[in-house]
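Analysis of the macromolecular model
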Amino acid sequence: MILIWIVFIPVIGGLLARLSGGLGRSAPAWVSLGTLTIAFSLTAGLFAGAGESAEGRWLAEVKLPWISQLGVSFHLAMDGLSLALVALTFFLGACAVVSSWTEVRERSGLFQLNLMLTIAGITGAFLAMDLFLFYFFWELMLIPMFILIALWGHENRRYASIKFFIFTQAGSLLMLVAILVLFFIHGRATGEYTFSYEALLSTPMGYTAEFLLMLAFFAAFAVKLPVFPFHTWLPEAHTEAPTAGSVILAGLLLKTGGYGLIRFVVPLFPEASFDFAPYAFALAVIGIIYGAVLAFGQRDIKRLVAYTSVSHMGFVLLGVYAWNELALQGVLVQMVCHGVSTGALFMIAGALQERLHTRDISEMGGLWTGAPKMGAAALVFALASLGLPGLGNFIGEFLVFLGVFTVSPEAAILAAAGLVLSAIYSLWIIQRVFHGPQKTGITDFGRREMAAFVPMIAVIVWLGLFPQPLLDLFGQTLRTLNVTASVPVEAGSGVEKLDAGSAVYRISLTARE
Amino acid sequence: MSPSELSALLPILITAAAASALTAAAGFYSKHGFVAGFTMAAFALSFASIFIAAPAAPIAVSSLLVVDGFALFFMGLIYAAAFAVALLSYGYNGGAGGKHTEYYILLLLSALGAAVLAGSRHFASFFLGLEILSVSLFGLAAYMRSPKGNEAGLKYLVLAGASSAFLVFGMALVYAATGSMEFSAASALATRGGGPLSLAGMALIVAGAGFKLAVVPFHGWTPDVYEGAPAPVGAFIASVSKGAVVAVLMRLMGGSLASGGPLFTFLAAVAVASMFAGNLLALFQENVKRVLAYSSIAHLGYLLVAFLASGSFAAGAVAFYLAAYFVSIIGAFGVVTVLSVNGSDVDSLESYRGLAWRRPLIGAVFTAMLLSLAGIPLTAGFVGKFYLVAAGAASSMWILVLSLALSSVIGFYYYLRIILVLFSPSPRELPAEAEVHPAGSAALMALFAVLVFMGVYPGPFLSLVGAAASGLWQ
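Residues numbered from 1 in each chain as written. Chains lettered and ligands numbered in written order. Predicted model: local features only at pLDDT ≥ 70, side-chain atom pairs only at ≥ 80, totals over all residues. Heavy atoms only, no water.

Points about the overall build of chain A
- Each helix and strand counted, chain A has 20 helices and 2 strands in total.
- The C-alpha radius of gyration of chain A comes to 22 Å, within 12% of the 24 Å expected for a compact globule of 513 residues.
- Oriented by its inertia axes, the alpha-carbon framework of chain A measures out at about 65 × 50 × 45 Å.
- Within the span of chain A, comprising 513 residues, buried residues form 65% of the whole.
- Long-range pairs, those at least 24 residues apart, make up 80% of the contacts in chain A with a sequence separation of at least 6.
- Here chain A has roughly 16,600 Å² of accessible surface; of this, 66% comes from carbon and sulfur atoms.
- Positive and negative side-chain charges in chain A, numbering 27 and 30 respectively, have mean positions lying 12 Å apart. (Helix = DSSP H or I, 4+ residues; strand = E, 2+ residues; numbered from the N terminus. Rg over C-alpha atoms; globule rule 2.2 N^0.38 Å. Buried < 20%, exposed > 50% of the residue type's maximum accessible area, 1.4 Å probe, protein only. Contact = heavy atoms within 4.5 Å. Areas by Shrake-Rupley, 256 points an atom, 1.4 Å probe, with all protein chains shown as cover. Lys, Arg positive; Asp, Glu negative; His and termini not counted. Charge placed at Lys NZ, Arg CZ, Asp CG, Glu CD.)

See the structure below:
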């Protein structure tokens with residue numbers, strides 16, 4: 001039951017926020033903040049209890065009949081992976097609310113409603129264990145996000161919002177077809193027509209079908225993540241969205257892509273994913289380097305941060321297709337830390353724009369003098385984003401490298417080169433915006449903003465110094481995902497594909513000895 | 001006629017009686033309120049009588065009509081849609097005052113024609129039903145007697161005439177080949193492949209029906225007629241007249257089309273062309289009614305995907321999708337209706353700028369209807385589209401399914417475009433807008449409720465559809 005509350009509390013809160021629009025301009029924001037705090041504490045409660053109930057597959061589960069005629073059930077379940085991402089969702093959601101406190105002046109009730117509906121959709125997608133339900137939430141989060149960009153965005157919002165919607169929809173519709181094909185393949189083979197994730201995991205199917213279905217699923221998640229050739233919607237959408245929208249987009253929406261790859265693509269289509277891995281590595285490496293290189297070329301600070309997301313999400317793709325314990329742990333840490341650090345960078349960009357009315361980096365400079373707190377926060381997150389040891393992103397990237405290296409040293413080496421580039425652009429932001437001769441005056445962060453930034457910094461530092469709780473949380477999930485410990489690849493002996501249920505990259509255990 | 005036959009025919013009889021009674025009564029008393037109320041009562045009564053007819057079903061009433069679950073389902077859909085259209089029309093025609101008797105008589109008659117089509121199993125009743133439907137419709141299309149309305153009526157008249165000619169000739173050819181006017185003979189023939197004579201006959205019937213369905217390449221009349229006809233009539237043409245023809249085609253040839261056969265290939269090509277042409281042409285329209293017209297072309301293309309798929313699952317998909325489409329398209333036209341006053345429809349896209357802020361409720365309803373047409377979750381259109389793709393995938397019709405997916409991506413653009421216009425800031429100088437009549441708002445709210453219910457909890461409706469579809473080809 002608690003999962004139903006977790007999904008619906010934001011919806012209820014959003015409606016209340018909409019209704020509270022008449023009570024004053026910041027009333028809706030207070031309502032949203034309160035709602036997200038409640039939802040977050042529920043999630044934290046689950047986290048606290050996670051240790052005890054860890055024997056089963058799920059930490060919490062709820063399954064209700066919904067559309068039995070089509071084999072659809074309302075099945076939500078939470079494991080460590082979902083829990084971490086749901087907690088991130090509410091945390092960043094609250095930060096997004098704070099960041100848009102003064103930015104959104106018109107129709108703040110409706111704004112908060114859409115924000116909360118997006119969050120509800122994302123939460124639902126992280127928890128749905130029925131493919132119909134998953135698709136339902138997957139689509140559901142798009143409309144409010146579209147409205148957020150289209151109504152409260154910047155100059156070029158119309159174009160950006162429609163592009164965002166059409167790109168993601170094109171991928172999703174391919175996935176819809178694939179879900180239905182999977183449904184029928186499973187139904188015909190076993191006689192059980194169901195959209196249940198657990199049932200579909202062991203669908204017997206031919207290799208060609210598996211490969212095509214894998215590609216269709218991959219298309220949907222690759223657009224969201226985004227993977228290199230499908231990323232063109234991202235810079236537009238992130239740049240034109242209002243600050244809160246950018247935070248949600250970069251911090252959460254992209255993570256649904258990574259989540260989908262881990263939860264659906266590889267487990268449902270293990271053989272095909274195994275064969276696809278080299279191509280995924282190639283796309284990931286191109287994305288890492290391409291995103292980093294393009295990030296240099298930007299004068300618009302939001303665009304710059306947007307391209308760094310393309311680069312950082314390359315690590316997620318890399319780690320997922322390495323599919324071993326280390327790499328996947330790295331992916332989870334990377335997703336959480338990227339969510340927080342990029343969210344924070346977008347909030348800083350938004351704060352700059354709100355104060356200076358420009359996003360052009362060349363018009364900024366020497367802001368540290370006027371805004372030391374903002375500068376310090378920016379420095380922390382720029383360092384996090386370049387992967388400084390001691391901050392969370394480093395752990396994520398490092399684990400991904402370790403995991404990937406055992407599978408494909410070439411990919412790991414090339415990706416590490418991308419990390420060098422990230423050091424350059426991260427420091428470049430700090431140098432151009434906060435150092436040098438002071439070009440313009442600025443007001444520093446107030447108490448409200450610091451209230452959002454201090455916890456974000458705390459999370460990044462916590463995960464950088466002591467990531468073990470998060471890794472433990474994920475450990476349970478890793479076992480159910482049938483991941484084996486990463487071991488060096490030795491030709492002929494190490495990696496073998498065996499037929500064993502839904503086991504994924506079966507690295508034969510003998511190789512460990 | 002046995003009592004059970006009589007009770008099975010009750011829905012049709014009530015509508016027919018109501019049309020005659022209204023014609024007779026109109027000579028003495030023709031207040032708008034009375035006439036509209038009478039019409040709505042007749043529709044409600046016909047709808048209610050479906051539940052009386054249901055125990056008798058399935059039953060063949062003479063060799064012309066059959067009343068089974070499928071027919072009753074479509075009759076229910078037709079009467080419910082007609083009721084909504086009548087309610088919308090009441091507000092549209094200016095409330096209690098005025099004289100609009102002919103309008104409602106024609107509405108009753110066209111619903112009667114549609115209901116006959118839903119239950120027809122013989123070429124004679126097919127033709128009869130279709131003629132009752134079309135003759136009343138071109139009267140309705142030209143009802144406002146504006147230049148555009150006249151154009152719409154005339155166009156519809158000419159094309160309805162032409163399509164009937166095709167249809168009758170096709171029926172004659174099939175009759176020549178089989179010696180029977182009953183559908184069962186014709187569909188048996190289609191299953192066997194038939195000779196060139198019957199193939200030509202069926203092709204002509206498909207062409208004739210294609211005009212009514214407004215699928216490419218028979219779609220040319222649609223945008224002009226939708227634009228010229230009064231908005232509620234547009235809703236009726238887009239929903240009821242198409243749904244009834246789909247029902248009769250399902251009975252005539254649905255499920256019996258040999259995959260890969262010439263008719264199947266032809267219809268598949270028609271489906272793909274309709275999806276793409278409808279969606280692409282809608283991109284360039286500045287008139288909401290024209291957008292909806294092209295959108296309806298695309299939607300009939302989607303529908304053909306399930307139509308071509310075989311089995312009762314696909315028949316259920318057709319029925320469900322039609323229901324979802326009925327709700328969304330009537331709702332969308334309903335918004336145009338409630339904003340329009342007598343004779344001059346508010347249909348240019350610009351006049352919708354900022355509507356969501358000026359009239360939040362109507363803006364929200366319109367947004368929901370458009371999202372449903374686009375197939376977004378929480379709306380009936382989503383479940384409908386899901387069902388369609390499922391039917392196509394179950395029959396492994398990959399080209400059709402992928403065309404559906406790709407063309408609906410194109411479709412998002414124009415739906416979103418309207419939504420963006422609805423939500424953009426209001427223009428400085430507001431156009432003169434009519435007060436929304438309560439009847440219109442009531443109809444919209446009801447449609448909205450059904451839309452969301454079907455989207456969130458489609459279970460009961462799916463059972464209904466499944467039961468209706470399972471008996472179709474026994």
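Next comes the rest of the write-up.
Considerations on the overall build of chain B
- Scanning chain B from terminus to terminus reveals 19 helices and 2 strands.
- Taken against the 2.2 N^0.38 rule, which gives 23 Å for 474 residues, the C-alpha radius of gyration of chain B at 21 Å falls within 12% of a compact globule.
- With the principal axes as the frame, chain B shows a C-alpha extent of 65 × 55 × 40 Å.
- Taken over 474 residues, chain B has a buried fraction of 63%.
- For chain B, the proportion of contacts with a sequence separation of at least 24, taken over those separated by at least 6, is 82%.

As for the nonpolar core
- Within the largest apolar cluster, 400 residues are counted, with the highest numbers of intra-cluster contacts made by Phe217(A), Tyr321(A), Phe126(B) and Tyr352(B).
- The element that contributes the greatest number of residues to this core is helix 13 (residues 311–339) of chain B, accounting for 21 residues.
- Three or more residues apiece are contributed to this core by two domains, here domain 1 (1–268) and domain 2 (277–470) of chain A.
- Every residue in contact with Phe126(B), bar those within four places of it in the chain, is listed here: Leu117(B), Ser120(B), Leu167(B), Met171(B), Phe183(B), Ile205(B), Val248(B) and Leu252(B). (Core = buried A, V, L, I, M, F, W, Y, C linked by side-chain atoms within 4.5 Å. Domains from an automatic or database assignment.)

Describing the pairing of strand 1 (residues 60–67) of chain A
Residues and elements named next belong to chain A.
- Bridge count between strand 1 and strand 2 (residues 72–78): 7 bridges; the pairing is antiparallel. Following the sheet pairing, Ala-60 is matched in strand 2 by Met-78.
- The hairpin turn running from strand 1 into strand 2, its antiparallel successor, is 4 residues long, and Gly-71 in that turn takes a positive phi close to 70°. (Pairing = 2+ DSSP bridges.)

Some words on the interface of chain B and chain A
- Across the contact, 35 residues belong to chain B and 31 residues belong to chain A.
- Overall, the association of chain B and chain A removes approximately 3,200 Å² of surface from exposure, summing both partners, and the carbon and sulfur fraction of that is 85%.
- When the area that chain B buries against chain A is broken down by residue, the three leading residues are Trp357(B), Phe386(B) and Leu420(B), summing to 21%.
- Taken together, chain B and chain A are joined by 0 salt bridges.
- Where chain B meets chain A, there are 4 residue pairs in polar contact (both at pLDDT 80 or more).
- Those elements that provide at least two residues to the side of chain B that touches chain A are helix 16 (380–394), helix 17 (398–423), helix 18 (438–456) and helix 19 (459–470) of chain B.
- Among the elements that line the side of chain B that touches chain A, the one with the most residues is helix 17 of chain B, at 12 residues. (Buried area = accessible area lost by both parts, 1.4 Å probe. Salt bridge = Lys/Arg side-chain N within 4 Å of Asp/Glu carboxyl O. Polar contact = N/O pair within 3.5 Å; in protein donor to acceptor, adjacent residues only side chain to side chain.)

With respect to unusual backbone geometry
- A cis geometry characterises the amide bond from Leu225(A) onward to Pro226(A), with omega recorded as -5°.
- Its location among the elements puts Pro226(A) in the loop between helix 9 (207–224) and helix 10 (233–240).
- With an omega dihedral of 5°, the bond running from Val216(B) to Pro217(B) counts as a cis peptide bond.
- Secondary-structure assignment places Pro217(B) in the loop between helix 8 (196–213) and helix 9 (222–228).
- Although it is not a glycine, Trp323(A) adopts a positive phi angle of roughly 50°.
- Here Trp323(A) is to be found in the loop between helix 13 (301–322) and helix 14 (325–356).

So, a nonpolar patch on the surface
Residues and elements named next belong to chain A.
- Together, Met-1, Trp-5, Phe-8, Ile-12, Leu-16 and Leu-19 make up an exposed nonpolar region whose accessible area comes to about 660 Å².
- Looking at the element boundaries, Met-1 is found in the segment before helix 1 (2–19).
- For Met-1, a relative accessible area of 58% translates into the label exposed. (Patch = residues over 30% accessible without salt bridge, like charges linked within 9 Å, V, L, I, M, F, W, Y side chains within 5 Å.)

Some words on helix 17 (residues 392–407) of chain A
Residue and element names in this part refer to chain A.
- Compared with an ideal rise of 1.5 Å per residue, which puts 16 residues at 22 Å, helix 17 spans 24 Å between its outermost C-alpha atoms and is within 8% of the ideal.
- The complete set of buried residues in helix 17 reads Gly-392, Asn-393, Ile-395, Gly-396, Glu-397, Leu-399, Val-400, Phe-401, Gly-403, Val-404 and Thr-406.
- Contact partners of the buried residues in helix 17: helix 13, helix 14, helix 16 (372–386), helix 18 (409–434), helix 19 (447–465) and helix 20 (468–480). (Expected span 1.5 Å × (residues − 1).)

Considering the domain arrangement of chain A
Residue and element names in this part refer to chain A.
- Considered domain by domain, chain A is made up of domain 1 (1–268) and domain 2 (277–470).
- The straight-line distance from the C-alpha centre of domain 1 to that of domain 2 is 23 Å.
- Domain 1 puts 45 residues into the contact, and the matching count from domain 2 is 40 residues.
- Note that Glu-236 is salt-bridged to Arg-303, the shortest N-O span being 3.8 Å.
- The set of elements that each furnish at least two residues to the side of domain 1 that touches domain 2 consists of helix 3 (80–99), helix 9, helix 10 and helix 11 (243–268).
- Each residue belonging to the side of domain 1 that touches domain 2 can be placed in one class, and the counts come to 30 nonpolar, 10 polar and 5 charged. (Nonpolar A, V, L, I, M, F, W, Y, C, P; charged D, E, K, R; others polar.)

Things to note about the pattern of salt bridges
Residues and elements named next belong to chain A.
- Taken as a whole, this structure holds 17 salt bridges over all chains when the rule is applied.
- Measuring nitrogen to oxygen at the nearest pair gives 3.8 Å for the salt bridge that ties Glu-449 to Arg-448.
- Take Glu-449: its relative accessible area is 11%, and that puts it in the buried class.
- For Arg-448, a relative accessible area of 24% corresponds to the partly exposed category.

Here we look at the pairing of strand 2 of chain A
- Within strand 2 of chain A, 7 of the 7 residues are buried, leaving the element largely enclosed by the surrounding structure.
- Here strand 2 of chain A shows no split at all, with Val72(A), Phe74(A), Leu76(A) and Met78(A) on one side and Ser73(A), His75(A) and Ala77(A) on the other all buried.

A word on the packing of helix 15 (residues 360–374) of chain B against helix 18 of chain B
Residue and element names in this part refer to chain B.
- Packing of helix 15 against helix 18 leaves a shortest axis separation of 10 Å and a crossing angle of 40°. Compared by their axis directions, helix 15 and helix 18 come out oblique. Pair helix 15 / helix 18 crosses with left-handed handedness. For the pair helix 15 and helix 18, contact is made by Leu-361, Val-365, Ala-368, Met-369 and Ser-372 and by Leu-444, Met-445, Leu-447, Phe-448 and Leu-451, respectively.
- Its residues assigned to classes, the contact of helix 15 with helix 18 shows 9 nonpolar, 1 polar and no charged. (Axes fitted to C-alpha atoms, helices over the stretch in contact; angles between N-to-C directions. Parallel < 35°, antiparallel > 145°, perpendicular 65-115°, else oblique. Left-handed = near helix turned anticlockwise from the far one by under 90°.)

Some points on the confidence of the model for chain B
- With 95% of its residues at a pLDDT of 70 or more, chain B shows a mean pLDDT of 88.
- Complex prediction metrics read pTM 0.91 and ipTM 0.88. (pLDDT = per-residue confidence, 0-100.)

Re helix 1 of chain A
Residue and element names in this part refer to chain A.
- Helix length check: helix 1, at 18 residues, gives a terminal C-alpha distance of 25 Å against a target of 26 Å (1.5 Å per residue), a fit within 8%.
- The largest bend along helix 1 reaches roughly 35° and is located at Phe-8, with the proline Pro-10 sitting one to four residues downstream.
- Among all positions in helix 1, only Leu-3, Ile-4, Ile-6, Val-7, Ile-9, Pro-10, Gly-13, Gly-14 and Ala-17 are buried.
- Along its buried surface, helix 1 packs onto helix 2 (27–48), strand 1, strand 2, helix 3, helix 4 (108–127) and helix 5 (131–140). (Bend = angle between axes of the 7 residues up to and from the residue.)

Here we look at the packing of helix 16 of chain B against helix 17 of chain B
All names here are of chain B.
- Packing of helix 16 against helix 17 brings their axes to within 8 Å, and their N-to-C directions diverge by 155°. Judged by the angle between their axes, helix 16 and helix 17 are roughly antiparallel. The handedness of the crossing between helix 16 and helix 17 is left-handed. Of the residues in helix 17, those touching helix 16 at Lys-385, Leu-388, Val-389, Gly-392 and Ala-393 are Trp-398, Val-401, Leu-404, Ser-408 and Phe-412.
- For the contact of helix 16 with helix 17, the class distribution of residues is 7 nonpolar, 2 polar and 1 charged.

What to know about the packing of aromatic side chains
- The full count for this structure, using the stated rule, is 67 aromatic pairs over all chains.
- Measuring from ring centre to ring centre gives 4.8 Å for Phe70(B) and Phe74(B), while their planes differ by 55°; the resulting arrangement is tilted. Within this pair, Phe70(B) and its partner Phe74(B) are both found in helix 3 (residues 69–92), separated by 4 residues, close to a single helical turn.
- It is Arg107(A) that lies over the ring of Trp357(B); its NZ or CZ is 3.4 Å from the centre.
- Sitting over the ring of Trp138(A), Lys224(A) keeps its end group 3.5 Å from the ring centre. (Phe/Tyr/Trp six-rings, centres within 6.5 Å; stacked < 30°, edge-to-face > 60°. Lys NZ or Arg CZ within 6 Å of the ring centre and 35° of its normal.)

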